[in-house]
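The residues making up each chain are set out below.
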Amino acid sequence: MKAKPAELIISLAVLALGIAVAVGTAQLPSAGGYARIGPNVAPAVVAGGLLLLGFWLVYEALSGGWRNPVNDDPKARGEHEFTAGAFIWVSAGLFAQILLIHRAGFVLAQAALFACVARGFGSAKIARDFAIGLLLGLSVFLFFVKFLNVNLPAGWL
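Parameters and conventions
Residues numbered from 1 in each chain as written. Predicted model: local features only at pLDDT ≥ 70, side-chain atom pairs only at ≥ 80, totals over all residues. Heavy atoms only, no water. Core = buried A, V, L, I, M, F, W, Y, C linked by side-chain atoms within 4.5 Å. Buried < 20%, exposed > 50% of the residue type's maximum accessible area, 1.4 Å probe, protein only. Helix = DSSP H or I, 4+ residues; strand = E, 2+ residues; numbered from the N terminus. Contact = heavy atoms within 4.5 Å. Phe/Tyr/Trp six-rings, centres within 6.5 Å; stacked < 30°, edge-to-face > 60°.

A. The nonpolar core, seen in detail. Grouped together as the largest cluster of nonpolar side chains are five residues: Ile-101, Phe-106, Val-107, Ala-109 and Phe-141. Counting residues per element, this core draws most heavily on helix H4 (residues 106–120), which supplies three residues. Not counting the four nearest positions on each side in its chain, Phe-141 is found in contact with Phe-106, Val-107, Leu-152, Pro-153 and Ala-154.

B. Spotlight on the packing of aromatic side chains. Under the defined criterion, the tally for this structure stands at four aromatic pairs. When the centroid spacing of 5.7 Å and the interplanar angle of 50° are considered together, the rings of Phe-82 and Phe-87 count as tilted. Seen from their ring centres, Phe-143 and Phe-147 are 5.9 Å apart, and the 45° between their planes marks the pair as tilted. Here Phe-143 pairs with Phe-147, and both are found in helix H5 (residues 126–147), just four residues apart, close to one helical turn. Through pairs of rings, three or more aromatic residues link up here, namely Phe-143, Phe-144 and Phe-147.

As structure tokens, this is what we get:
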């Protein structure tokens, strides 16, 4: 069986990425500090994984194609159709969080995000969702501020 060009190109690209990361990792200093682990350890692990994956994909592409390909039909994969309304609500929640976090504070920004995401996932009870988001946001805020000593924007509260 002949290799599919797209599979071979992607396989070679992963292999090339692994080689590039390995070359970049070789240029990092290896001197470790207290733990004797230098800044090149994590990139070396990533490079090794990419090289292993790249060689495996090239082997599969040249020996009959990738095994167990994913079905092209979203319904066969169990996926739902794209819903523009849900996308808009979740995006609005993210933008609201960005706009509110430094003005209104972490807790209110998280409450707005939670309410918008819940609405995007089909909830019609926006006040209840905002209240739940408020409680969750307050819990996370108190955990970070009181226990972890991480400063989060307090805002109006």
